[in-house]
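Analysis of the macromolecular model
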Amino acid sequence: MGRIAGRFAGVEPRCRAAWLVLGLLADLPRKNCWTIAEWAGETTPDGMQHLLGRAKWDADAVRDDVREYVVEHLHDDRAVLVVDETGDVKKGTSTVGVQRQYTGTAGRIENSQVAVYLVYAGQRGHAAVDRELYVPRSWTLDPDRCRAAGLDEDTVFATKPELATRMVARFLDVGHQAAWVAGDEVYGGNPKLRTALEERGTSYVLAVACSHEVTTGAGKFRADILSRKVPKRAWQKLSAGAGAKGHRFYNWAVIDLADPRPGGRQLLIRRNRNTGELAYYRCYSPASVPLAVLVRVAGSRWRVEDFFQSGKGLAALDEHQVRRYTSWSRWVTLAMLAHAFLAVVRADEHARHPAPDELIPLTCNEIQRLFTTLIVRPVHHAAHRLRWSAWRRRHQARGQASHYRRQAANQT
């Protein structure tokens, strides 16, 4: 918290931000301004809501501090920047960026809000270093709606690959280095993103669809058609990295692509050893690299899924109950900081105190449990709890009465 202290104009918002981050890490069954304010000992949620909505501090500057913190402690010369989006199911139409759209969280089209994240993944660990809210075209075509949600009236629609390009550029422009960029089909199928990375000399392994077309010395082919031409001797059994149940072995093949521009370009093919299911990747690197390196980068994409799982489960990344853009950016930035703290402590503990053979290494889940149990566990007397019960019921009664008045007015 000392790293971001200078981003706040006064002592009160700085201290409240610290309590909010601690509340994000707490073992509360549900985390929002109400529950965190009660846990922190405040009498109402007004202070927490003010911190997210109206207090003077720059969430983008704090995001930059989080990036510096992560890179400093998890630095790896072979680090991979992994980009992916996640959706949070929301009700109503007023929450910034919400519309009916596909979200992998639900596995179907839902009323949801989608954001794109950039995760720094190295040998010591991984954590998010940037975020961008996906604002659908239905929003950018409605200036009044954007203004009501705290967006600029001239907000321009940007695709998810464009948001990814923006975040990667922001990371590299401040002087940080990343050997590779990885992402799924949404990003691999976008030629503008691939070109932007190649112009920077940044290597990538990006997934593409089976229908994706590539050009070889023998002509232009769909990826799935080209995979059928791979001879049996060309497949190699390699690990995509260690998982929860051991190494994730697949069969891999690589095909050189024809391109007059400098650098090496390949189509990487992964085959499941049990089901035969295939996956395809477009690859680029300024210099030739062995197949094992491409496989390592392709296998690193799971890190972003792990971030979504732990960021939501441990740091309440998705539990924000806010409608305006400023509040959203502040909540998710502080949640990123909370998760980065766990990732850094985990990395340091693994380096300083290797686990004995009879124990698995400390996980972020266990670190969060120990941290909240042993270090931060506010205990409040019964009167405090009863006052909050009365406050909630009073607030809910006002909301109910307001709803009934609107309903009666609409019926007359």
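Check the entry above for the structure.
The text that follows walks through the structure, step by step, so that each part is easy to find. (Residues numbered from 1 in each chain as written. Predicted model: local features only at pLDDT ≥ 70, side-chain atom pairs only at ≥ 80, totals over all residues. Heavy atoms only, no water.)

Quick look at the overall build of the protein chain now. Check the secondary structure of the protein chain and you find 15 helices and 12 strands. With respect to the three principal axes, the spread of C-alpha positions in the protein chain is 75 × 60 × 40 Å. Counting every position in the protein chain, which comprises 412 residues, the buried fraction comes to 49%. For the protein chain, contacts bridging at least 24 residues in sequence account for 63% of all contacts bridging at least 6. Here the protein chain carries 60 positive and 44 negative side-chain charges, and the mean point of each set is 5 Å from the other. (Helix = DSSP H or I, 4+ residues; strand = E, 2+ residues; numbered from the N terminus. Buried < 20%, exposed > 50% of the residue type's maximum accessible area, 1.4 Å probe, protein only. Contact = heavy atoms within 4.5 Å. Lys, Arg positive; Asp, Glu negative; His and termini not counted. Charge placed at Lys NZ, Arg CZ, Asp CG, Glu CD.)

Take the side chain of S327 next. Here S327 is to be found in helix 13 (residues 325–352). Note on S327: relative accessible area 11%, which makes it buried. Side-chain polar atoms of S327 contact the backbone oxygen of L52, separated by 3.2 Å. Excluding residues that lie within four positions of it along the chain, S327 makes contacts with L52, G53 and V322. (Polar contact = N/O pair within 3.5 Å; in protein donor to acceptor, adjacent residues only side chain to side chain.)

We now examine the packing of aromatic side chains. The full count for this structure, using the stated rule, is 12 aromatic pairs. Aromatic rings pair up to connect Y117, F307 and F308 into one cluster. Over the face of the ring belonging to F249 we find K237, whose NZ or CZ atom lies 4.9 Å from the ring centre. When the ring centre of W235 is taken as origin, the NZ or CZ atom of R271, which lies over that ring, is 4.2 Å away. (Phe/Tyr/Trp six-rings, centres within 6.5 Å; stacked < 30°, edge-to-face > 60°. Lys NZ or Arg CZ within 6 Å of the ring centre and 35° of its normal.)

Looking at the element boundaries, D130 is found in strand 4 (residues 126–133). The exposure class of D130 is buried, given its relative accessible area of 2%. Within polar-contact distance, the side chain of D130 engages the side chain of R170 at 2.9 Å.

Another aspect to go through is a nonpolar patch on the surface. On the surface, a nonpolar cluster with roughly 320 Å² of combined accessible area is contributed by L370, L374 and I375. Within the secondary structure layout, I375 lies in the loop between helix 14 (364–374) and helix 15 (382–411). (Patch = residues over 30% accessible without salt bridge, like charges linked within 9 Å, V, L, I, M, F, W, Y side chains within 5 Å. Areas by Shrake-Rupley, 256 points an atom, 1.4 Å probe, with all protein chains shown as cover. Salt bridge = Lys/Arg side-chain N within 4 Å of Asp/Glu carboxyl O.)

Attention now goes to the pattern of salt bridges. The full count for this structure, using the stated rule, is 28 salt bridges. One salt bridge connects K220 with E213, and the closest N-O pair in it is separated by 3.8 Å. Relative accessible area serves as the criterion here: at 58%, K220 is assigned to the exposed category. For E213, a relative accessible area of 44% puts it in the partly exposed group. Between E366 and R369 there is a salt bridge whose closest N-O contact spans 2.5 Å. Within this pair, E366 and its partner R369 are both found in helix 14, separated by three residues, close to a single helical turn.

Orientation of helix 1 (residues 11–25) relative to helix 2 (residues 33–40), taken along the N-to-C sense of each, is 105°, at an axis distance of 9 Å. Judged by the angle between their axes, helix 1 and helix 2 are roughly perpendicular. Together, W19, L20, L22, G23 and L24 of helix 1 and I36, W39 and A40 of helix 2 make up the contact between the two elements. Partitioning the contact of helix 1 with helix 2 into residue classes produces seven nonpolar, one polar and no charged. (Axes fitted to C-alpha atoms, helices over the stretch in contact; angles between N-to-C directions. Parallel < 35°, antiparallel > 145°, perpendicular 65-115°, else oblique. Nonpolar A, V, L, I, M, F, W, Y, C, P; charged D, E, K, R; others polar.)

What follows deals with the pairing of strand 7 (residues 213–216). Of the two faces of strand 7, only one is covered, namely that formed by V214 and T216; the face formed by E213 and T215 stays uncovered. With four bridges connecting them, strand 7 and strand 8 (residues 219–222) associate as antiparallel partners. Along strand 8, the bridge assignment pairs T215 with K220. Between strand 7 and strand 8, which pair antiparallel in sequence order, lie two residues. (Pairing = 2+ DSSP bridges.)

Assignment of secondary structure puts V21 in helix 1. Residue class for V21 comes out buried when judged on its relative accessible area of 7%. It is 15 Å that separates the C-alpha atoms of V21 and E42, two residues lying 21 residues apart in sequence. Setting aside residues no more than four positions away along its own chain, V21 makes contact with M1, L334, L337 and A338.

Moving on, we get to the nonpolar core. Core analysis: the largest hydrophobic core is formed by 109 residues, its most contacted members being Y117, Y120, F171, V205, W252, L268 and Y281. Sort the elements by how many residues they give to this core and helix 13 lands first, with 13 residues. Setting aside residues no more than four positions away along its own chain, W252 makes contact with A234, W235, Q236, L238, A240, L268, I269, R270, Y281, L291, V295 and A298. (Core = buried A, V, L, I, M, F, W, Y, C linked by side-chain atoms within 4.5 Å.)

With that out of the way, let us pick up the environment of E277. Take E277: it is sitting in the loop between strand 11 (264–271) and strand 12 (278–285). Residues within four places of E277 in sequence aside, it is in contact with R270, R271 and N272.

Read these as spatial facts, not as claims about activity.
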